[in-house]
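Here is how the chains run, residue by residue.
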Amino acid sequence: MRTAALPQIPPGTPPVTPAAHSVRRQVLDVLASMRFAIALLTVICIASAIGTVVKQGEPLVNYVDQFGPFWAEVFGALGLYRIYSSGWFLTILAFLVVSTSLCIARNTPKILADWRTHKEHIREQALQAFHHRATGVLAQPLGDAQTAVLRTLAQQGWSVKTQRREAAAKDGASGAAAIGEGVMIGARLGAANKLGYIAAHSAIVLICLGGLFDGDLIVNAQVWAQKLQPFKGGMTEPERGRLGEGNPAYRAQLFVPEGARSNAAVVNLNEGMLVQPLPFEVELKKFSVEYYATGMPKRFASDIVIHDARKGVDKAFTVEVNHPVVYDGVTIFQSSFEDGGSSVQLKPLRLDLGTAQVAGAGAAVSAVVGGAPQMLSVPSGDLQLEVTGLRVINVEDVAQAQKAPAADGTASAGGNDVRGVNLAELSKHLGSGAKPVGNKQLVNIGPSVIYKLRDAAGQAREYQNYMAPVKLDGQQVFLFGVRDTPAEGFRYLRVPADEDMGVQGWLRLRQALNDGAMRAEAAQRFGRMAAPADRAELQAQLGGSAQRALDLFAGAIRATPAKPGQPDQPGLPGQPLAGGLPALSDFIEQAVPAEQRERTSATLVRILNGALFELLNLSRERAGVAPLSPEQDEARRFMTASVLSLSDAMFYPVPMVLVLEGFVPKQASVFQVTRTPGRNVVYLGCVLLIVGVFAMLYIRERRLWVWLQDDGAGATRVKMALSSTRQTLDTDREFERLQRTLLGSAGPATSTAP
């Protein structure tokens, strides 16, 4: 045997490259494959899950606080903060549309061709290969048997086609007998199953197209084509920061205060925002809100008038949640409500001044929510006041807050208020941090003002102060909140109200504590009160102890004891002194042996309380107010709350509290205005998806073949077979029923079925 040698490739022959049409075919095969489409759907599902977990469209500082600077920047670069409008997500949607469209284009002709045929041309021998098959004999001529079978199948809803086949000629070589003529009946039931594939895949294409069209794709395309310039909040609108009035698709926010009108909506993008002018103006006549007993809004609605200058039409509408208004192809939704520029009167309470310095230091401040900043002067430097909010109603659950008093004023708090106050966190500061057991005490704790104080370096803290006192633990207290970043909850300073339900009683005590002369006089009074009149030495000792306790509590001296024979030295410039109860604790830890600290602490606290009570009455006398008696329960409760509040006030970040004295509210509505022509396409896609899934899951396509052949003796031989898209127990029972119905009393000669 000789083996042919392989042909040799001459050196320098260029490699064979696949033809261009072959590469295109491979690319199309990949795009049209089911694996590729499923991979895209998987990525979209994962991205949607991320978009559900990660809040979308939040300020960047919130993400920095949540994830840290590094990961916040990484996630921002990946577009996770606005997933559904990010370029990669829209690209995946576009590829899914292309892939699904190719699948439809490739398989639809085959499906339609298969849908139109009953496959009545099948060979008789092929029936033996089916899982469900049977044979038998009918004692009827071929024509009668055919009529009976067709009538039975038609009654059961089968679509039928027949093919008559002539008898084969006699084989002269073998002498075999001629085969009688026969009829092949092809029947089909459940043909809609095939159309379910087309409907379901077409639905995916329509839904994705509608989502792409109504999303940010068109806006982003205009930004790229027209070189528009998105801008940030607070910036002046650039010359090319405005979309066209005829923009076919957008989702924008429209802010309208009461009594004003506007047609300038804002489209938010990753890079900033663009102004979207509306073809009409929206005027807000009145905003109204109703509340449940829980404090949650039951109904808020806006009475608006649409002014259409093009048509010379002014139409009045009422926009409510879940009841939008549609005008000229633009849908107006009630999104939320905000302050529309309320006027507030704020009174500054100076915490750093002594009694003799208070005169002329409390000039009222008038401001507008969201208005121009104002400058306030304090010893540490000028502060810029920015009033950002006024909340007229604050319904809170204070039941849990009244179970245990707080001592430090540093616990985090946020709000369960309908517009952002988190009382669940507030209760952690105001009372027990344990989870509430279910009992609630809902109280409207009155209006509150929110403002920011910004220092010369541009750093700002946010404050929330309530106008009216709240009754907690049997004591009426004012709540003055502060937080360093919007991601935090407010930390509340609780200031007890005096007998006139005001803050002046506590403020006089705070300012007297700042006055060294008044502290000295109060200490002497305490010494004379606490020791017998004939014990001058003891009076002096107690007065000295009271003086040290007051000075430590006021932050006038350091907790570190002075060396023997040296007086206490104040802190160095730029090194603030710690005051309050922590200063007394530090003093005891440094000056008292460990075994004596518990007894010394109790003694020092009693001395402090007594000296502060004398300081309180001294401040009242200077103000011309009758002194309090230590026998009064109200006086004792006020004094207990004042000690804790004064201690917390030492750590208040600014020496000033702005108290809300009056306000003139003005509401504003935030509308979402949308033009979504792709919405109907999405609706059609949803209908097709329901129809397609139902057809594929609940409709089984079955094909039945019945071969009828004349046996030459006046009877008819029968062969039948059944196929189904899904093999179920219903298929087995259906085939048994068909056997009994078609083969009749003659019964099957042979039958094969599970």
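Calculation criteria
- Residues numbered from 1 in each chain as written.
- Predicted model: local features only at pLDDT ≥ 70, side-chain atom pairs only at ≥ 80, totals over all residues.
- Heavy atoms only, no water.
- 1 Å grid on protein atoms, 1.4 Å probe; cavity = no way out; pocket = protein on both sides within 12 Å on 5 of 7 lines; lining within 4 Å.
- Points joined across faces, edges and corners; volume = space filled by probe spheres on them.
- Helix = DSSP H or I, 4+ residues; strand = E, 2+ residues; numbered from the N terminus.
- Nonpolar A, V, L, I, M, F, W, Y, C, P; charged D, E, K, R; others polar.
- pLDDT = per-residue confidence, 0-100.
- Contact = heavy atoms within 4.5 Å.
- Pairing = 2+ DSSP bridges.
- Axes fitted to C-alpha atoms, helices over the stretch in contact; angles between N-to-C directions.
- Buried < 20%, exposed > 50% of the residue type's maximum accessible area, 1.4 Å probe, protein only.
- Polar contact = N/O pair within 3.5 Å; in protein donor to acceptor, adjacent residues only side chain to side chain.
- Expected span 1.5 Å × (residues − 1).
- Arc of directions from axis to C-beta.
- Salt bridge = Lys/Arg side-chain N within 4 Å of Asp/Glu carboxyl O.
- Parallel < 35°, antiparallel > 145°, perpendicular 65-115°, else oblique.
- Left-handed = near helix turned anticlockwise from the far one by under 90°.
- Phe/Tyr/Trp six-rings, centres within 6.5 Å; stacked < 30°, edge-to-face > 60°.

A. Representation of the layout of surface pockets within the structure. One number sums up the size of the largest pocket: a volume of about 1,300 Å³. Together, 42 residues line the largest pocket, and Gly 57, Tyr 81, Arg 82, Ser 85 and Asn 270 are the ones closest to its centre. For the lining of the largest pocket, the elements supplying multiple residues, two or more each, are helix 2 (34-53), helix 3 (60-67), helix 4 (69-77), helix 5 (87-116), helix 7 (192-214), strand 4 (250-257), strand 5 (261-269) and strand 6 (272-291). Its residues assigned to classes, the lining of the largest pocket comprises 21 nonpolar, 15 polar and six charged.

B. Expanded view of the confidence of the model for the chain. Averaged over every residue, the pLDDT of the chain is 82; the share at 70 or more is 84%. Per-residue pLDDT stays below 50 along residues 568-575; that stretch engages in nine contacts with residues further than four places along the chain or on separate chains. Below a pLDDT of 50 lies the segment residues 745-750, which in the model reaches 10 contacts outside its immediate sequence neighbourhood of four places, other chains included.

C. Geometry of the sheet that holds strand 22 (residues 656-664). An order of 12-11-22 is seen for the three strands of this open sheet, with the pairing classed as antiparallel. Two strands lie at the open edges of the sheet, namely strand 12 (365-368) and strand 22, each paired on one side alone. Put simply, the sheet's adjacent strands are angled 35° from each other on average, direction ignored. Looking at chain direction, strand 11 (residues 343-350) and strand 22 are connected through eight bridges and run antiparallel. Note on strand 22: the bridge partner recorded for Arg 350 is Met 656.

D. Region of interest: empty space enclosed by the protein. In this structure the tally under the stated criterion is two cavities of 30 Å³ or more. When its volume is computed, the second largest cavity comes out at roughly 30 Å³. Every residue along the wall of the second largest cavity is listed here: Ala 367, Val 368, Gly 371, Ala 372, Pro 373, Gln 374, Leu 385, Glu 386 and Val 387. Residue assignment for the lining of the second largest cavity shows that the elements contributing at least two residues are strand 12 and strand 14 (381-391). Of all the elements, strand 14 adds the most residues to the lining of the second largest cavity, at three residues. Its residues assigned to classes, the lining of the second largest cavity comprises six nonpolar, two polar and one charged.

E. Quick look at the side chain of Thr 100. Tracing the chain through its elements places Thr 100 in helix 5. For Thr 100, a relative accessible area of 4% puts it in the buried group. Polar contacts involving the side chain of Thr 100 include one to the main-chain carbonyl oxygen of Leu 96, which spans 2.7 Å. When near neighbours in sequence (up to four residues on either side) are disregarded, Thr 100 contacts His 201, Ile 204 and Val 205.

F. Layout of helix 6 (residues 142-155). With 14 residues, helix 6 extends 20 Å from end C-alpha to end C-alpha; this agrees with the ideal 20 Å at 1.5 Å per step. Listed as buried for helix 6 are Leu 142, Ala 145, Gln 146, Ala 148, Val 149, Thr 152 and Leu 153. All buried residues of helix 6 lie within an arc of 165° about the axis, which places them on one face of the element. In helix 6, those exposed residues whose orientation departs by more than 90 degrees from the buried face are Ala 154 and Gln 155. Buried-residue contacts for helix 6 involve strand 1 (132-138), strand 2 (159-165), strand 3 (182-189), strand 24 (702-710), strand 25 (716-724) and helix 17 (729-743). After helix 6 finishes, the residue Gly 157 shows a positive phi value of roughly 90°.

G. A look at the pattern of salt bridges. Counted by the stated rule, this structure contains 32 salt bridges. Taking the shortest distance from any N to any O, the salt bridge between Arg 350 and Asp 352 comes out at 3.0 Å. The exposure class assigned to Asp 352 is partly exposed, which follows from its relative accessible area of 27%. For the salt bridge of Arg 454 with Glu 386, the shortest nitrogen-to-oxygen distance reads 2.9 Å.

H. Representation of the environment of Gly 371. Take Gly 371: it is sitting in the loop between strand 12 and strand 13 (374-378). Given the relative accessible area of 34%, Gly 371 is considered partly exposed. Distance from Gly 371 to Ser 342, taken between C-alpha atoms, is 9.3 Å for residues 29 residues apart in sequence.

I. Representation of unusual backbone geometry in the model. Although it is not a glycine, Lys 119 sits at a positive phi angle of roughly 55°. Secondary-structure assignment places Lys 119 in the loop between helix 5 and strand 1. Look at Lys 119 and you get partly exposed, because its relative accessible area is 37%.

J. Layout of the pairing of strand 5. Relative to strand 6, strand 5 runs antiparallel, the two sharing eight bridges. If you follow Ala 264 over to strand 6, its bridge partner there is Pro 277.

K. Seen up close, the packing of helix 11 (residues 516-530) against helix 12 (residues 536-554). At a minimum axis separation of 7 Å, helix 11 and helix 12 run at an interaxial angle of 140°. In this view, helix 11 runs oblique relative to helix 12, as classed from their interaxial angle. When the axes of helix 11 and helix 12 are compared, the crossing they make is right-handed. Counting all contacts with helix 11, which are made through Arg 519, Ala 520, Ala 522, Ala 523, Phe 526, Gly 527, Arg 528 and Ala 530, the residues of helix 12 involved are Gln 539, Leu 542, Gly 543, Ala 546, Gln 547, Leu 550, Asp 551 and Ala 554. Residues belonging to the contact of helix 11 with helix 12 are distributed by class as follows: nine nonpolar, four polar and three charged.

L. Main features of the side chain of Arg 702. You can see Arg 702 is positioned in strand 24. At 2.7 Å, the side chain of Arg 702 and the backbone oxygen of Arg 700 are in polar contact. When residues no more than four places from it in sequence are discounted, the contact partners of Arg 702 are Trp 158, Ala 187, Arg 188, Leu 189, Leu 722, Ser 723, Ser 724 and Glu 734.

M. Geometry of the packing of aromatic side chains. The final tally for this structure, using the stated rule, is 18 aromatic pairs. Ring plane angle 90° and centroid distance 5.2 Å describe the contact between Phe 280 and Tyr 327, whose orientation is recorded as edge-to-face. Taken together, the residues span a long stretch of sequence, with Phe 280 in strand 6 and Tyr 327 in strand 9 (residues 325-327) at a distance of 47 residues. Using a relative accessible area of 2% as the deciding quantity, one classes Phe 280 as buried. We classify Tyr 327 as buried; its relative accessible area is 8%. A connected cluster of aromatic rings, assembled from ring pairs, spans Phe 67, Phe 70, Trp 71 and Phe 75.

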